[in-house]
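# Survey of secondary and tertiary structure
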Amino acid sequence: VDMIDTALSQGVDALVTAPTQPDTAIPSFDKFAEKGIPVILIDTDAEWDKKTTYIGTENYAAGQKAGEYLASLLEEGDEVVLIRGALGNPATDQRMDGAKDYLEEHGFVIAADQPADSDRAKGMSVMENILETNPNIKGVYAANDDMALGALRAIEAEGLDIPVIGTDGTIEAVESIIAGGLTGSVAQMPYDMGYKGVEAALKAIKGEEVDKRIDSGVDIINPDNAEQKLSDLKAMLGE
C-alpha cells in the first residue's frame, strides 16, 4: 500500500499492480480513480468497480483443470489433499474451489483442505501433519508451486510415492517435474500478464477502449512437455 501511495504522489499516468490482498489496497486505488488515473490489476482481481481492467488467469477454471489432471492419475474414491494459499486471497481460494468441485463431482474424497499461506516451509509442515492422520492419501493439489514443493518434500521424507500438482509453472517446479519430483503444474502465463498489463495501461492513457476482463490463459505442464516448457521459460528470461 505504501508503494502504491508513493506511485500516486510521483504523478504516474497509470498503475499496473498484482495485489496479494486486494481489499487492503482499495482505499489507495480510490485515490487513483479520483484523479482519473487508470488502474490495471494483474494476477489477482479485486471487488472494485473502478478498475480499468483485470488481466489474469480465470482461477476457478485453472483449479478445475488441476482437478481433472489429478483425477486422471487416480481411481474414483481415492482420498486427496488440497493445500490453499492464505485464506481470503481470492486467486488461490478460487483455484482450490475449482479443484474441489471437480474432484467431488467425480467421486473423489477430499481428506484435507488446509491453508499453507503460499509458503514452502508451511506447505511441508501442513503435509507432514496430514500424513500423520491420513495414511491413505493418493494425490495432492497445491495452490502454488512453492507449497507443492514443500508437500513433495514431506511425502518423499516418508518414502511415499504420491502425485503432487502445483500451480504457476515456475522454473523450479518444471525442473522438479523433469527430475521426477512434482507430477505437474497448472501454468499461468505471468509474462503475458505483465505484457498485457502494460499494453492495457498504454491504451488507457491514450483514451482507447480496454476490455474489462482479459483472460491470460493456463497450461498444464507434465512430464511430456516439461523440457519444452523449461526451454521456453529460460528463453523469456534470457538464460
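Our structure is the block above this text.
Overview of the structure. Values in this document were obtained by computation on a predicted structure and should not be read as measured data.

The next point concerns the overall build of the chain. Helix and strand counts for the chain come out as 9 helices and 10 strands. Relative to the 2.2 N^0.38 estimate, which gives 18 Å for 239 residues, the radius of gyration of the chain is 19 Å and therefore close to what a compact globule would have. Its C-alpha atoms put the chain at 55 × 35 × 30 Å along the principal axes. Residues counted as buried form 47% of the 239 residues belonging to the chain. Counting contacts in the chain only where the partners sit at least 6 residues apart, residues at least 24 apart contribute 69% of the total. Total accessible area computed for the chain in this model is approximately 11700 Å², and 46% of it derives from carbon and sulfur atoms. Here the chain contributes 19 positively and 45 negatively charged side chains, and the mean placements of these two sets differ by 6 Å.

Okay, the environment of valine 1 next. Secondary-structure assignment places valine 1 in the segment before helix H1 (2-9). Sequence-wise, valine 1 and serine 125 are 124 residues apart; in three dimensions their C-alpha atoms are separated by 30 Å. Once residues within four sequence positions are removed from consideration, valine 1 is found in contact with Thr24, Ala25 and Ser28.

Moving on, we come to the environment of alanine 86. Along the chain, alanine 86 falls in the loop between strand S4 (79-84) and helix H4 (90-105). In this structure, the C-alpha to C-alpha distance between alanine 86 and tyrosine 141, residues 55 residues apart in sequence, is 15 Å. Other than its neighbours up to four places away in sequence, alanine 86 contacts Thr92, Asp93, Asp117 and Ser118.

Tracing the backbone through its elements, the reader meets threonine 57 in the loop between strand S3 (53-56) and helix H3 (59-72). The contacts of threonine 57, once residues within four sequence positions are left out, are Ala62, Gln188, Met193, Asp215, Ser216, Gly217 and Val218.

Packing of H1 against helix H2 (residues 22-34) brings their axes to within 10 Å, and their N-to-C directions diverge by 10°. Considering the angle they form, H1 stands roughly parallel to H2. Together, Ile4, Asp5, Ala7 and Leu8 of H1 and Ala25, Ser28, Phe29, Lys31 and Phe32 of H2 make up the contact between the two elements. Along the lines of polarity and charge, the residues of the contact of H1 with H2 split into 6 nonpolar, 1 polar and 2 charged.

Turning next to the sheet that holds strand S8 (residues 184-187). Through backbone hydrogen bonds, the strands of a sheet pair up, either in parallel or in antiparallel fashion. Within the open sheet, the 6 strands sit side by side as S5-S4-S6-S7-S8-S10. Their pairing is mixed. Among the strands making up the open sheet, the edge pair consists of strand S5 (109-115) and strand S10 (219-221). Across the sheet, the mean angle separating the axes of adjacent strands is 20° when strand polarity is ignored. Pairing analysis gives 3 bridges linking S8 to S10, with the strands arranged antiparallel. By the bridge assignment, alanine 187 is partnered in S10 with aspartate 219. Those strands touched by H4 are S4, S5, strand S6 (137-142) and strand S7 (164-167), and its axis lies near 170° from that of S4.

Our focus in this paragraph is the pattern of salt bridges. In total, this model carries 14 salt bridges according to the counting rule given. A salt bridge links aspartate 146 to arginine 120, with the nearest nitrogen and oxygen atoms 2.9 Å apart. Residue aspartate 146 is located in helix H6 (residues 145-157), and its partner arginine 120 is located in helix H5 (residues 120-133); the two are separated by 26 residues in the primary sequence. Across the pair glutamate 172 and arginine 120 runs a salt bridge whose closest N-O atoms are separated by 2.8 Å. Of this pair, glutamate 172 sits in helix H7 (residues 171-178) while arginine 120 is found in helix H5, placing the two residues 52 residues apart along the sequence. Glutamate 172 sits in the partly exposed class, given a relative accessible area of 41%. In the salt-bridge network here, residues are joined through shared partners; they are Arg84, Asp93, Asp97, Lys100 and Asp113.

Parameters and conventions
Counting restarts for each chain: residues are numbered from 1 in the order of the written sequence. Confidence filtering applies because this is a predicted model: local features only for residues at pLDDT of at least 70, side-chain atom pairs given and counted only at 80 or more, and all residues used for totals across whole chains, interfaces and linings. To get the side-chain values, take all heavy atoms of the structure and skip hydrogens and water. Secondary structure is summarised from DSSP: a helix means a run of H or I of at least four residues, a strand means a run of E of at least two, and numbering begins at the N terminus for each. Note on method: radius of gyration uses C-alpha positions; expected globular size equals 2.2 Å times residues raised to 0.38. Residue exposure (1.4 Å probe, protein chains only): buried if accessible area is under 20% of the type maximum, exposed if over 50%, otherwise partly exposed. Pairs of residues are marked as contacts when any of their non-hydrogen atoms sit within 4.5 Å. The accessible surface values rely on the Shrake-Rupley method and a 1.4 Å probe; as for residues, cover is taken only from the protein chains in view. His is not counted, nor are the chain ends; Lys and Arg add positive charge and Asp and Glu add negative charge. By convention, charge coordinates are those of NZ in Lys, CZ in Arg, CG in Asp, or CD in Glu. Between N-to-C directions, angles span 0 to 180 degrees; the directions come from axes that are lines fitted to C-alpha atoms, helices contributing only their stretch in contact. For classification, angles of less than 35 degrees are called roughly parallel, those exceeding 145 degrees roughly antiparallel, those between 65 and 115 degrees roughly perpendicular, and all remaining angles oblique. Any residue that is not Ala, Val, Leu, Ile, Met, Phe, Trp, Tyr, Cys, Pro, Asp, Glu, Lys or Arg is counted as polar, Gly included; the first ten are nonpolar and the last four charged. Each pair of strands is called paired provided DSSP finds at least two bridges between the two strands. When a carboxyl oxygen of Asp or Glu lies within 4 Å of a side-chain nitrogen of Lys or Arg, that pair is called a salt bridge.

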